Each structure stands twice: as structure tokens, then as C-alpha cells.
Amino acid sequence: MIDQKLVERAFKNLENAYAPYSRYRVGACLETVNGDFYDGANIENASFGLTNCAERSAVFAAYSKGVRKEDIKALAIVCEGNTIAAPCGACRQVLVELLKKDTPIYLANRTSQLETTIEQLLPMSFTQEDL
Ligand code: THU
């Protein structure tokens, strides 16, 4: 069942997006098994490639506090577009490193929601097991 409290928190974080170039705001929120929350929003840059996506902001904030994959309960990623924003390829590679393969990921816009996992989003991934 999709955690509506986590989705709502991600929508709140969307308001903090710094997106002057795309005007496309994304919010994220990560919840730990202890009940802590780590917030994220997309942060753009005039050098476009340096933009940080919302989900990476949230996951990096959590890891920066010492949270690790086994501590993570769920991640919500939300946008205001007509379609649900699925994480970009770069974020999928980050998430496959930093989340457990079956950690719930909730994707939502204002009208629809779905639950997925990084294993579903990035099958046949390159990971530390390949090194
Ligand atoms: N973006 C995210 O923050 N997360 C996604 O899952 C998709 C894309 C951001 C990056 C950029 O600031 C804007 O959305 C348009 O690509």
C-alpha cells in the first residue's frame, strides 16, 4: 500500500525545487525504518548537466547522515506533470547502488500513483557484484 504521508511530504518538498530552467519541479522523500525522513528536491544549474534530481538529493541527504540501504523503508518521488515522473537513467544507477533491490519506490503526480522497485526500474544492472 502506498504511504500517503510520505507522498504528501514529497509534494511539500517539491515546493523547494530550484528549477528556473525547466520549470519542472520534482520532490522526493525517503523514510527510514526508524521513522526519520530525508527530504529532496531537484536543484538545477546554468550548466545543465550539473542538475541534481530530487531523488538523488533525498538519498544523498540520508547517506550523509549515516543512513544505509538496510535502514531505508521507502522512497517517494513526485512531480506536477501530466504523467508520473520515472527516475532518469542516472538516478536509477544511483538508486541501484544505494537502495535494496526490493525497497518500495512510490511514484506520483497529482492524479495517479504507482509503486515500484529499483529492480523493476533497472533490470540487468551493473553493480558491485560485477566488479
Ligand atoms: N528530475 C528529477 O528531479 N527527477 C526525476 O525523476 C526526473 C527529472 C528533474 C531534473 C530536472 O531538474 C527536471 O526534472 C527536468 O528534467
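Preceding block: the structure.
Everything numeric here is computed off the predicted structure, so don't read it as measured data.

Quick notes on the rules
- Residues numbered from 1 in each chain as written.
- Predicted model: local features only at pLDDT ≥ 70, side-chain atom pairs only at ≥ 80, totals over all residues.
- Heavy atoms only, no water.
- Helix = DSSP H or I, 4+ residues; strand = E, 2+ residues; numbered from the N terminus.
- Rg over C-alpha atoms; globule rule 2.2 N^0.38 Å.
- Buried < 20%, exposed > 50% of the residue type's maximum accessible area, 1.4 Å probe, protein only.
- Contact = heavy atoms within 4.5 Å.
- Areas by Shrake-Rupley, 256 points an atom, 1.4 Å probe, with all protein chains shown as cover.
- Lys, Arg positive; Asp, Glu negative; His and termini not counted.
- Charge placed at Lys NZ, Arg CZ, Asp CG, Glu CD.
- Phe/Tyr/Trp six-rings, centres within 6.5 Å; stacked < 30°, edge-to-face > 60°.
- Lys NZ or Arg CZ within 6 Å of the ring centre and 35° of its normal.

Draft legend 1. A look at the overall build of the protein chain. Within the protein chain one finds four helices and five strands. Starting at the N terminus, the α and β elements of the protein chain follow one another as α-β-β-α-β-α-β-β-α. A compact globule built from 131 residues would reach a C-alpha radius of gyration of about 14 Å, and the protein chain, at 14 Å, matches this within 12%. Projected onto its principal axes, the C-alpha positions of the protein chain cover 40 × 35 × 30 Å. A total of 131 residues make up the protein chain; the buried ones form 45% of that total. Relative to all contacts within the protein chain whose residues are 6 or more apart in sequence, the contacts with residues 24 or more apart total 61%. For the protein chain, the computed accessible surface area is about 7,200 Å², with 52% contributed by carbon and sulfur atoms. Here the protein chain contributes 14 positive and 17 negative side-chain charges, whose respective centroids are spaced 4 Å apart.

Draft legend 2. Examining the packing of aromatic side chains more closely. The tally for this structure, following the rule as stated, stands at one aromatic pair. Ring centres of tyrosine 21 and phenylalanine 48 lie 5.6 Å apart, and the angle between their planes is 45°; this geometry places the pair in the tilted category. One end of the pair, tyrosine 21, is in the loop between helix H1 (4–14) and strand S1 (26–32); the other, phenylalanine 48, is in the loop between strand S2 (37–41) and helix H2 (54–64), with 27 residues separating them in the sequence. Looking at phenylalanine 48, the relative accessible area reads 58%, which means it is exposed. Of note, arginine 110 hangs over the ring of phenylalanine 11, and the distance from its end group to the ring centre comes to 3.7 Å.

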